[in-house]
Amino acid sequence: MRLHVLSSGSKANGYVLYNDREALVIECGCTYGQCLQAIGYRREIIVGALVTHEHGDHCKYVSQYLEGCIRVHASQGTIAAMKADSRYLVPVEGLKPFSLGGFTILPFDTQHDSAEPFGYLIRHEEMGQVLFATDTFYLKYKFSNLSYAMVECNYSSEIIERNVAENVIPAIVKERVFRSHMSLDTCIRTLQANDLKTVNAVVLLHLSGNNSDPDAFKRSVEQATGKLVFVAKKGLDIPFNKKMI
C-alpha cells in the first residue's frame, strides 16, 4: 500500500491510498484527472471516495468523480450541503463501519464549521489502521493500534497572532481559524493522547499557507512524539504498509 498526496492545504485537498489492485480516494478537492494520473489511469481499481465535509477545497470536483461513476461516501449533512445529485453519492453514518474493497472505514464526527463533518478510521490488511482527521479544532475520540496518523496541523498561534498584528490577515480570519482548525499545539496534544506504540509515521495535513512553518512543525511533532513525520504536500508518495519499508 502507498499514500499519494494530490494536494493538501487551504486551496485543495486530495489523497489516494493505493496498491496494484485497489485505490481509495480521500477528498474530492482535486480533479478526477489528477487522481487518475496518480494511479496510472487505472480507473478500474478505484473502490470509492470519501469526503469529510462540503467546503470547496475538499469537494470542489466531486461532480467529476460522480460522472466517472465513482461512489462518493460522506455524511448525510455533507451530501445535502454539497447540493449534488447522483446515484453514486452514498450517505454513511457516524460510528457505523462500512467496507470498500479491502478497506474497512469507520466514520466519526469532527469539530468544524460545516454541516456534518466526519473523520475516518481506515483499515486495510496491508497497512493496518490509519487515522484521517482534518479540518477539526480538536478530536474527542482516542484511537489505538494505529499504523499511521494523518492529522491536521493548520497553524501556529504565535504565527497567526503576528500576522494579525502585521495586517497580513484580519482578526476575523484568526477567530474563524481558532474555531474550525487544529493548531500545532493541539495536534501535538492530540497525538500524545493516543496510543502511538504501533504508529510508523505521522502525516501532517492542511497546513495554512500564511500561518504555518512546515519545517518547524515537522521538527516539533517529531520531538514531541518520537515518530517519523511527513508534511503532506503535492506529489508526496510514500509506502503505507504495516511495516514501513
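Being a predicted model, the structure only gives us computed values, none of them experimental. Per chain, residues are indexed from 1 in the order of the written sequence. Residue-level local features of this predicted model are given only where pLDDT is at least 70; pairs of side-chain atoms are given and counted only at 80 or more, and the full residue set underlies all totals for whole chains, interfaces and linings. Derived side-chain values reflect all non-hydrogen atoms in the structure, with water molecules and hydrogen atoms excluded from consideration.

Engineer: Mind showing me how you'd approach the pattern of salt bridges here?
Structural biologist: Pairing between side chains becomes possible if they bear opposite charge and their charged atoms approach one another. Whenever Lys or Arg places a side-chain nitrogen within 4 Å of a carboxyl oxygen from Asp or Glu, that contact is recorded as a salt bridge. Taken as a whole and judged by the stated rule, the model has 11 salt bridges. Across the pair Arg-176 and Asp-113 runs a salt bridge whose closest N-O atoms are separated by 2.8 Å. With a gap of 63 residues between them, Arg-176 in helix H6 (residues 171–180) and Asp-113 in the loop between strand E8 (103–109) and strand E9 (118–124) connect regions that are remote in the sequence. Burial classification: accessible surface area is computed with a 1.4 Å probe over protein chains only, and a residue below 20% of its type maximum counts as buried, one above 50% as exposed, and the rest as partly exposed. Judged by relative accessible area, Arg-176 falls into the partly exposed class, the value being 30%. Asp-113 sits in the partly exposed class, given a relative accessible area of 37%. The partner of Glu-161 in a salt bridge is Lys-174, with the nearest N and O atoms 3.5 Å apart. Taken as a pair, Glu-161 in helix H5 (residues 157–165) and Lys-174 in helix H6 lie far apart in primary sequence, 13 residues in all. To qualify as a helix, a DSSP run of H or I must reach at least 4 residues; to qualify as a strand, a run of E must reach at least 2; elements of each kind are numbered from the N terminus.

Engineer: I tried to follow helix H8 (residues 214–225) on my own but got confused; where do I start?
Structural biologist: Each full turn of the α-helix corresponds to 3.6 residues, which orients residues three or four apart in the same direction. Expected helix span is computed as 1.5 Å times (number of residues minus one). With 12 residues, H8 extends 16 Å from end C-alpha to end C-alpha; this agrees with the ideal 16 Å at 1.5 Å per step. Turning to H8, its buried residues number three or more, namely Phe-217, Val-221 and Thr-225. Seen end-on, H8 carries its buried residues on one side only, within an arc spanning 45°. Structural note: H8 exposes Asp-215 and Gln-223 on the side pointing more than 90 degrees away from its buried face. Looking at the buried positions of H8, the neighbouring elements they touch are H5, helix H7 (184–193), strand E12 (201–205) and strand E13 (228–231). One or two residues past the end of H8 sits Gly-226, with phi positive at roughly 70°. By arc we mean the arc of the directions from the helix axis to the C-beta atoms, nothing more. Residue contacts follow a heavy-atom distance rule, with two residues in contact if any of their heavy atoms lie within 4.5 Å.

Engineer: Can you help me understand the sheet that holds strand E1 (residues 2–7) in this one?
Structural biologist: Strand pairing in a sheet takes place through backbone hydrogen bonds and is either antiparallel or parallel in direction. Taking strand neighbours across the sheet as the criterion, the seven strands line up as E6-E5-E4-E3-E2-E1-E14 in an open arrangement whose pairing is mixed. Of all the strands in the sheet, the pair left with one neighbour each is strand E6 (89–92) and strand E14 (237–239). Averaged over all pairs of adjacent strands, the angle between strand axes in this sheet comes to 20°, irrespective of strand direction. Pairing between strands is defined by DSSP: at least two bridges between the two strands are required. Here, axes are lines fitted to C-alpha atoms. For helices the fit covers the stretch in contact, and angles between N-to-C directions go from 0 to 180 degrees.

Engineer: How should the packing of aromatic side chains be read in this particular structure?
Structural biologist: Both the distance between ring centres and the angle between the ring planes are used here to describe each pair of aromatic rings. Pairing of aromatic rings covers Phe, Tyr and Trp, the last through its six-membered ring, and needs centres within 6.5 Å; plane angles under 30 degrees mean stacked, over 60 mean edge-to-face, and all others mean tilted. Considering all chains together, one arrives at eight aromatic pairs under this definition. Put simply, the rings of Phe-108, Tyr-141 and Phe-143 touch in pairs and so form one group of aromatic residues.

Engineer: For this particular structure, what's the right way to read the side chain of Asp-57?
Structural biologist: Considering the arrangement of structural elements, one finds Asp-57 in helix H2 (residues 56–59). By the counting rule applied here, Lys and Arg register as positive and Asp and Glu as negative, while His and the ends of each chain are not counted. For the buried Asp-57, which has no salt bridge, the nearest side chain bearing the opposite charge is Arg-176, at an N-O separation of 7.1 Å. Two N or O atoms form a polar contact when they lie within 3.5 Å of each other; inside protein one atom must be a possible hydrogen donor and the other a possible acceptor, and for residues adjacent in sequence the pair counts only when both atoms belong to side chains. A distance of 3.3 Å separates a polar atom in the side chain of Asp-57 from a polar atom in the side chain of His-58.

Engineer: What should I look at first to understand the side chain of Thr-186 in this one?
Structural biologist: Mapped onto the elements, Thr-186 comes out in helix H7. Ignoring any residue separated from it by four or fewer positions in sequence, one finds Thr-186 in contact with Phe-137 and Tyr-138.

Engineer: Honestly, the packing of H7 against H8 in this entry has me stumped. Any pointers?
Structural biologist: Geometry of a packed helix pair, given as the angle between the helix axes and the separation of the axes. Running from N to C, H7 and H8 cross one another at 25°; their axes reach a closest spacing of 10 Å. When the interaxial angle is binned, H7 and H8 end up roughly parallel. Once H7 is placed against H8, the crossing between them reads as right-handed. Two secondary-structure elements touch here, H7 through Leu-184, Ile-188, Leu-191 and Gln-192 and H8 through Phe-217, Ser-220, Val-221, Ala-224 and Thr-225. Just so you know the grouping, Ala, Val, Leu, Ile, Met, Phe, Trp, Tyr, Cys and Pro go in nonpolar, Asp, Glu, Lys and Arg go in charged, and all remaining residues, Gly too, go in polar. For the contact of H7 with H8, a count of residues per class yields six nonpolar, three polar and no charged. Any angle from 65 to 115 degrees is called roughly perpendicular, while one under 35 is roughly parallel, one over 145 is roughly antiparallel, and all others are oblique. By definition, turning the near helix anticlockwise from the far helix through less than a right angle yields a left-handed crossing, and turning it clockwise yields a right-handed one.

Engineer: Help me out: how do you make sense of the packing of H5 against H6 in this one?
Structural biologist: At a closest axis distance of 9 Å, the pairing of H5 and H6 adopts a crossing angle of 160°. In terms of their interaxial angle, H5 and H6 are classed as roughly antiparallel. When the axes of H5 and H6 are compared, the crossing they make is left-handed. In this structure, H5 contributes Ile-160, Glu-161 and Val-164 to the contact, and H6 contributes Ala-171, Lys-174, Val-177 and Phe-178. In the contact of H5 with H6, the residues fall into five nonpolar, no polar and two charged.

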